[in-house]
Amino acid sequence: MGGAGRAALRAAGLGPKTLARIPARARQVLVVKGAGPDANRGTARLYTRTEAGVWLPGRARPARNALRGWTDHHRSGDLRSPAGVYRIGDAGGLLPNPGTHLPYDRSDEFAEGGTGFTGESLATAFDHVLAIDYNRVAGVSPLDRARPLGEERGGGIWVHVDHGGPTHGCVSLARADLVALLRELRPEWHPVIAMGDGERLAR
């Protein structure tokens, strides 16, 4: 990936350390940029690399993240989203596959009956989810409970349906935006997510 090809990703605010973590074979990068280190809102934009090596930006989509913002060292219960670059390749949800090419696990185990930080219902939050490979085994259902880094480092970090409030550690998108994203991702293009506040992504 040459300098000219990376221009769009640099314009998105990705610095040299972040760019170096994007695998050479990756042709899709979902950039989730938080509004600040302690903010729980931001934007998500999918970039796709052409055969010529040029990264083309998709539409910016409003996103939410964890209540207390971002962290470089996520711990269970810290209410911060883990910043970094991670594989995204496994999906699932309470509802049937909405048309994604990714492996999709439809299961009643995605049902959620709780409420969020502002009292909003979480009933539809996991209708569709995209697993972020933070402290999980790649290539399995998002429901898998294996935590290679240990339980204290948290897990179950997903992109899921927005429920009207901040998350515990996940990223959330409006339902239509998440469905569109799931349909756009291609497993053969080895998609990854680069997520964090602007300062972290710019390193």
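Residues numbered from 1 in each chain as written. Predicted model: local features only at pLDDT ≥ 70, side-chain atom pairs only at ≥ 80, totals over all residues. Heavy atoms only, no water.

**Describing the overall build of the chain**
And then number 1: Per the secondary structure count, the chain includes four helices and twelve strands.
And then number 2: Its C-alpha atoms give the chain principal-axis dimensions of roughly 50 × 35 × 30 Å.
And then number 3: Classification of the 203 residues of the chain by burial places 50% in the buried group.
And then number 4: In the chain, the share of contacts with a sequence separation of at least 24, taken over all contacts with a separation of at least 6, comes to 62%.
And then number 5: Counting only carbon and sulfur atoms, one obtains 52% of the accessible surface of the chain, whose full area is about 8,900 Å².
And then number 6: One finds the centroid of the 27 positive side-chain charges in the chain at a distance of 7 Å from the centroid of its 21 negative side-chain charges. (Helix = DSSP H or I, 4+ residues; strand = E, 2+ residues; numbered from the N terminus. Buried < 20%, exposed > 50% of the residue type's maximum accessible area, 1.4 Å probe, protein only. Contact = heavy atoms within 4.5 Å. Areas by Shrake-Rupley, 256 points an atom, 1.4 Å probe, with all protein chains shown as cover. Lys, Arg positive; Asp, Glu negative; His and termini not counted. Charge placed at Lys NZ, Arg CZ, Asp CG, Glu CD.)

**Overview of the nonpolar core**
And then number 1: In terms of nonpolar packing, the biggest core is built from 26 residues, with V32, I132 and I193 touching the most fellow members.
And then number 2: Once you skip the residues sitting within four places of it in the chain, I132 turns out to touch Y86, R87, I88, I157, W158, V159, I193 and M195.
And then number 3: Listed in part, the 15 residues of the second largest apolar core include V29, V31, Y47 and V192. (Core = buried A, V, L, I, M, F, W, Y, C linked by side-chain atoms within 4.5 Å.)

**Points about unusual backbone geometry**
And then number 1: At N135, a position not held by glycine, the phi torsion is positive, near 50°.
And then number 2: Tracing the backbone through its elements, the reader meets N135 in the loop between β9 (129-132) and β10 (158-161).
And then number 3: Accessibility expressed as a relative area gives 4% for N135, which makes it buried.
And then number 4: Of note, H190 is a non-glycine position whose phi angle comes to about 50°, a positive value.
And then number 5: With respect to the helices and strands, H190 occurs in the loop between α3 (175-184) and β12 (192-197).

**Some details on the environment of A60**
And then number 1: With respect to the helices and strands, A60 occurs in the loop between β3 (55-57) and β4 (61-64).
And then number 2: When the C-alpha positions of A60 and G196 are compared, they lie 15 Å apart, and in sequence the two are 136 residues distant.
And then number 3: For A60, the residues in contact, after removing those within four places along its chain, are A44 and R45.

**Comments concerning the packing of aromatic side chains**
Two numbers describe a pair of aromatic rings. These are the distance of the centres and the angle of the planes.
And then number 1: Within this structure, the stated rule accounts for three aromatic pairs.
And then number 2: Seen from their ring centres, Y86 and Y134 are 5.9 Å apart, and the 85° between their planes marks the pair as edge-to-face. With a gap of 48 residues between them, Y86 in strand β7 (residues 84-93) and Y134 in the loop between β9 and β10 connect regions that are remote in the sequence.
And then number 3: On the basis of relative accessibility, which here comes to 15%, the residue Y86 falls in the buried class.
And then number 4: What makes Y134 buried here is its relative accessible area of 4%.
And then number 5: Between F126 and W158, the aromatic rings sit 5.1 Å apart at their centres with planes inclined by 85°, giving edge-to-face as the arrangement. Of the two residues, F126 is situated in the loop between β8 (104-106) and β9 and W158 in strand β10; the sequence distance between them amounts to 32 residues.
And then number 6: Take F126: its relative accessible area is 17%, and that puts it in the buried class. (Phe/Tyr/Trp six-rings, centres within 6.5 Å; stacked < 30°, edge-to-face > 60°.)

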